[in-house]
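Read off the chains here:
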Amino acid sequence: MSTKDTTKLLAGLRTLMKDSKILNSIELSAYIIPSTDAHNSEYLSPKDKRRHFISNFSGSAGTALVTDKNALLWTDGRYFLQASQELDSNWILMKDGFPETPSIADWLCTNLPRNSNVGIDATLYQHDLYSNLDKKLCTHGLSLVNTKQNLVDLIWKNKPVLNFEPLLQIDSKYTGLSTKQKLEKIRSEMGKKSVFSSVVTSLDEVAWLLNIRGHDIPFGAVFFSYLIIDMDKIILFTKLSRFSEHLKSHLKEQDLTFEFFEYEDFYSYFQGYVSQELIKRQHRILLSSSSNHFIHSLVPNELIVEDLSILSKLKCVKNQSEIEAAKKIHIRDSVVLTDFLYKLDACFKGKSLIEEKVLNEHDLAEFLDKKRSEQEGFFACSFETICGFGSNGAIIHYKPKLDENNKKIEKNNFLLIDSGGHYSDMGTTDVTRTVYLGDISTCSKYKKECFTRVLKGHIQLAMRIFPNGTRPEHLDSFARQALWEVGLDYRHGTGHGVGALLNVHEVPVIANRKGVDIFVNENMIITDEPGYYETGNFGIRIENCNLTIKANTKYQNASNVDFITFEPLTLVPIQKDLVVKDLLNSEELNWLNSYHQRCFDIVGQELLVHNNNDAYEWLKEQTQPL
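Residues numbered from 1 in each chain as written. Predicted model: local features only at pLDDT ≥ 70, side-chain atom pairs only at ≥ 80, totals over all residues. Heavy atoms only, no water.

- The protein carries the name Xaa-Pro aminopeptidase 1 in an unreviewed UniProt entry, which gives Brachionus plicatilis as its organism.

Written out as structure tokens, the structure is:
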């Protein structure tokens with residue numbers, strides 16, 4: 001990772017902050033640059049990476065704040081080390097989550113004089129975050145101002161253009177539900193909430209409803225679009241040149257009221273829609289608090305019902321077709337990763353199954369990506385592969401580049417690999433394995449203990465039986481307890497939902513804080529990924545995708561509550577010679593042995609089908625019971 005000189009960029013931005021012609025006769029004392037686009041997407045099109053452009057910090061989460069004299073970057077514990085390496089001397093790193101670190105609002109209230117203006121592009125800020133910030137600033141005599149033009153865009157020379165890729169229509173045998181059936185469910189829920197219409201801004205929700213996927217955003221299976229759904233019609237805004245007449249006809253078969261407009265027409269159309277359909281007819285509209293503030297600002301408050309997106313709640317519970325597709329795809333994906341780990345292990349035991357020139361973080365990540373891309377139905381990688389050797393493994397979301405930080409893969413240290421794929425037959429994967437390469441006798445007792453405690457946390461969560469509808473944050477501590485016992489922890493969530501050929505990260509989120517009110521229910525795909533990271537030394541993470549299934553309990557009929565548990569979808573061996581057996585209790589040991597037997601039975605058979613006998617024999621050895 002390397003820095004860039006941001007002096008000229010900051011000077012240009014500060015000049016615009018004082019340009020009263022651009023800002024309608026006002027001046028700004030501060031300007032906020034968030035990490036999002038107008039759809040609150042996690043991964044961004046190159047044209048939307050404004051915070052990266054102005055600061056050089058490339059992590060997926062963080063907010064920049066620029067004032068007359070200061071430039072500050074807030075980010076969380078996943079990115080502290082990365083940010084410290086990418087920010088130049090113009091920037092101050094604000095370590096979000098630490099007690100001594102003020103929030104952006106608190107910092108502004110403390111450091112700006114009364115009557116100061118704070119600028120932001122309201123199309124890039126969630127409504128709930130905007131409202132909370134606005135209230136806080138108002139109490140200290142500060143004003144939050146929506147700049148109609150994005151100031152970063154005005155100084156960004158050769159800014160990338162919007163990318164519109166071809167679309168993929170998904171067969172109903174994979175989606176399980178047609179668009180018509182999904183619309184019926186959505187409108188039923190709208191009726192229960194007494195709303196006439198709803199705006200859908202999240203790209204994965206649009207893709208889910210229409211059973212169409214795109215590739216407008218790297219590592220996504222989505223396409224730029226907005227939807228307005230009301231009781232009379234459904235209106236889609238997207239790049240129409242790639243919507244064939246066949247595709248339009250198909251959507252009209254699902255709902256005759258479908259109307260189609262260009263993506264750029266959304267805001268002007270919506271202003272007219274608010275006037276004619278909402279204000280004139282006194283209809284109420286459902287708006288998600290996660291949609292951008294500018295949309296909310298166009299609707300009178302009394303006509304807004306603010307709630308979680310109906311689509312978000314529906315799509316995170318998988319139907320049987322989606323579940324069956326996910327199981328097949330995870331087996332296919334597990335075969336790829338198992339073969340990769342076999343070849344990697346062999347390289348340090350005298351067999352050159354991967355060329356030596358590939359044994360660096362960047363090229364090894366590309367090697368794995370290529371192997372995955374050769375699989376049936378491969379659509380795209382679901383995120384940028386994380387491949388961190390030794391001390392780079394301690395950078396939680398480290399992405400290897402061809403720079404001075406790109407480490408050679410050598411023996412006698414940990415390698416952390418976090419990767420995943422999208423598959424066109426309706427599935428998304430996300431799996432992490434940490435392996436120790438070379439002579440296992442060189443691995444210290446301390447490192448083995450850290451690995452085992454991470455594994456214990458992984459197993460403890462995987463074994464849980466809990467009521468259907470449990471709050472996700474109530475599960476988090478099970479994965480941390482074995483680390484907490486010895487004073488260790490990790491600065492990221494423990495798990496997240498996974499989409500069906502959609503976003504690799506979706507709700508619910510298992511973390512040590514309260515999130516959105518979407519609970520853990522049966523038929524969800526959720527990761528289990530505790531870890532431990534020691535700056536300058538090593539990183540460990542073990543991650544599986546799990547399916548929530550109905551649990552068999554002793555007193556199954558004693559109450560009206562259904563209980564659920566996890567079934568692993570990821571079937572990749574965990575390096576057992578790193579495990580301190582005495583640290584595992586009998587239940588944990590049984591789980592590990594049963595899991596490895598399952599890996600061997602299912603993945604081993606697939607290896608034989610593909611005549612991969614060497615990898616089969618390796619897997620057989622790796623899955624022998626402890």
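Let's pick the thread back up.
Some details on the pattern of salt bridges
Here comes step 1: Applying the stated criterion across every chain, the model contains 35 salt bridges.
Here comes step 2: As a salt-bridge pair, Glu245 and Lys248 come within 3.8 Å of each other at their nearest N and O atoms. Taken together, the residues span about one helical turn, with Glu245 and Lys248 both in helix H10 (residues 245–254) at a distance of 3 residues.
Here comes step 3: Among the residues examined, Lys248 registers a relative accessible area of 18% and is labelled buried.
Here comes step 4: Across the pair Arg281 and Glu277 runs a salt bridge whose closest N-O atoms are separated by 2.6 Å.
Here comes step 5: Taking relative accessible area as the criterion, Glu277 reaches 15% and is therefore assigned buried.
Here comes step 6: Through salt bridges with shared partners, a single network forms among Lys47, Asp48, Arg50, Asp153 and Lys159. (Salt bridge = Lys/Arg side-chain N within 4 Å of Asp/Glu carboxyl O. Helix = DSSP H or I, 4+ residues; strand = E, 2+ residues; numbered from the N terminus. Buried < 20%, exposed > 50% of the residue type's maximum accessible area, 1.4 Å probe, protein only.)

Some points on the nonpolar core
Here comes step 1: Judged by nonpolar contacts, the single largest core of 77 residues is most densely connected at Phe340, Leu344, Leu364 and Leu415.
Here comes step 2: If one sorts the elements of this core by residue count, helix H14 (residues 320–347) sits on top with 9 residues.
Here comes step 3: Those residues in contact with Leu344, other than ones at most four positions away along the chain, are Ile354, Leu359, Leu364, Leu415, Ile417, Val435 and Leu437.
Here comes step 4: Residues Tyr43, Ile217, Phe258 and Leu287 belong to the second largest nonpolar core, which totals 55 residues. (Core = buried A, V, L, I, M, F, W, Y, C linked by side-chain atoms within 4.5 Å. Contact = heavy atoms within 4.5 Å.)

Digging into the environment of Asp430
Here comes step 1: Relative to the helices and strands, Asp430 is located in the loop between strand E19 (427–428) and strand E20 (431–437).
Here comes step 2: Reaching out from Asp430, the side chain makes a polar contact with the side chain of His496 at a distance of 3.1 Å. (Polar contact = N/O pair within 3.5 Å; in protein donor to acceptor, adjacent residues only side chain to side chain.)

What about the side chain of Gln126?
Here comes step 1: The residue Gln126 is located in the loop between strand E5 (117–120) and helix H5 (127–138) in this model.
Here comes step 2: Within polar-contact distance, the side chain of Gln126 engages the side chain of Asp128 at 3.1 Å.
Here comes step 3: Excluding its chain neighbours within four sequence positions, the residues that come into contact with Gln126 are Asn40, Ser289, Ser290, Ser291, Asn292 and His293.

Focus: the state of the cysteines
Here comes step 1: Counted by the stated rule, this structure contains 0 disulfides.
Here comes step 2: Cys138 takes part in no disulfide bond, and the closest cysteine sulfur, belonging to Cys109, lies 9.6 Å away.
Here comes step 3: For Cys138, a relative accessible area of 48% puts it in the partly exposed group.
Here comes step 4: Here Cys387 is not disulfide-linked; the sulfur of Cys347 is the nearest cysteine sulfur, at 13 Å.
Here comes step 5: The exposure class assigned to Cys387 is buried, which follows from its relative accessible area of 1%. (Disulfide = S-S within 2.5 Å.)

Re the domain arrangement of the protein
Here comes step 1: Here the domain parsing of the protein yields domain 1 (6–155), domain 2 (168–311) and domain 3 (317–623).
Here comes step 2: At the interface, 18 residues of domain 2 touch 21 residues of domain 3.
Here comes step 3: Interface of domain 2 and domain 3: buried area, both sides summed, is about 1600 Å²; carbon and sulfur atoms make up 66% of it.
Here comes step 4: On the domain 2 side of the contact with domain 3, Tyr174, Phe219 and Leu308 bury the most area, a combined 39% of that side's loss.
Here comes step 5: The tally of links from domain 2 across to domain 3 stands at 0 salt bridges.
Here comes step 6: Counting the contacts that link domain 2 with domain 3 gives 4 residue pairs in polar contact (both at pLDDT 80 or more).
Here comes step 7: When residues of the side of domain 2 that touches domain 3 are traced back to their parent elements, those giving at least two are helix H7 (172–175) and helix H9 (203–210).
Here comes step 8: In terms of residue class, the side of domain 2 that touches domain 3 is built from 10 nonpolar, 5 polar and 3 charged. (Domains from an automatic or database assignment. Buried area = accessible area lost by both parts, 1.4 Å probe. Nonpolar A, V, L, I, M, F, W, Y, C, P; charged D, E, K, R; others polar.)

Observations regarding the packing of aromatic side chains
Here the distance between the centres and the angle between the planes together describe a pair of aromatic rings.
Here comes step 1: Summed over the entire model, instances satisfying the criterion amount to 32 aromatic pairs.
Here comes step 2: Both rings, one in Phe223 and one in Phe243, keep their centres 6.2 Å apart while their planes meet at 55°; by these two values the pair is tilted. One end of the pair, Phe223, is in the loop between strand E9 (212–213) and strand E10 (225–230); the other, Phe243, is in the loop between strand E11 (234–238) and H10, with 20 residues separating them in the sequence. The pair Phe223 / Phe243 is uniform in exposure class, with both members buried.
Here comes step 3: Ring geometry for Phe378 against Tyr423: centres 6.1 Å apart, planes inclined by 85°, an arrangement best described as edge-to-face. On the criterion of sequence distance, the pair formed by Phe378 in strand E15 (residues 378–381) and Tyr423 in strand E18 (residues 421–423) is long-range, its members being 45 residues apart.
Here comes step 4: The exposure class assigned to Tyr423 is buried, which follows from its relative accessible area of 0%.
Here comes step 5: Chaining the aromatic ring pairs together yields one cluster made of Phe164, Phe224, Tyr226, Phe237, Phe261, Tyr263, Phe266, Tyr267, Tyr269, Phe270, Tyr273 and Phe294.
Here comes step 6: For Lys159, the ring lying beneath its charged end belongs to Trp156, and the centroid distance is 5.4 Å.
Here comes step 7: Over the ring of Phe478 we find Arg464; its NZ or CZ atom is 4.9 Å from the centre of that ring. (Phe/Tyr/Trp six-rings, centres within 6.5 Å; stacked < 30°, edge-to-face > 60°. Lys NZ or Arg CZ within 6 Å of the ring centre and 35° of its normal.)

A closer look at the sheet that holds strand E14 (residues 304–306)
Here comes step 1: One open sheet holds the 6 strands; their spatial order is E12-E11-E10-E8-E13-E14, and the pairing between them is mixed. Each having just a single partner strand, strand E12 (258–262) and E14 make up the two edges of the open sheet. Taken pair by pair, the neighbouring strands of this sheet meet at an average axis angle of 20°, ignoring direction.
Here comes step 2: Packed on one face of the sheet, helix H11 (residues 266–279) meets strand E8 (197–200), E10, E11, E12 and strand E13 (285–287) and runs near 10° to E10. (Pairing = 2+ DSSP bridges. Axes fitted to C-alpha atoms, helices over the stretch in contact; angles between N-to-C directions.)

Describing unusual backbone geometry
Here comes step 1: Of the consecutive residues Val507 and Pro508, the connecting peptide bond is found in the cis state with omega at -5°.
Here comes step 2: With respect to the helices and strands, Pro508 occurs in strand E23 (residues 506–510).
Here comes step 3: Within the chain, Asn115 stands out as a residue other than glycine whose phi angle is a positive 75°.
Here comes step 4: Position of Asn115 relative to the elements: it lies in the loop between helix H4 (104–111) and E5.
Here comes step 5: A positive phi angle, close to 70°, is found at Asn412, a residue other than glycine.
Here comes step 6: Relative to the assigned elements, Asn412 resides in the loop between strand E16 (386–389) and strand E17 (413–419).
Here comes step 7: The class for Asn412 is partly exposed, based on a relative accessible area of 26%.

Concerning the pairing of strand E28 (residues 563–568)
Here comes step 1: Burial analysis of E28 places 5 of its 6 residues in the buried class, the great majority of the element.
Here comes step 2: Judged from the 2 bridges that link them, strand E21 (residues 466–467) and E28 form a sheet pairing that is antiparallel. Bridge pairing in E28 places Phe466 opposite Ile564.
Here comes step 3: As judged from the 5 bridges shared by strand E27 (residues 544–550) and E28, these two strands associate in the antiparallel manner. When the bridges of E28 are listed, Ile549 appears paired with Thr565.

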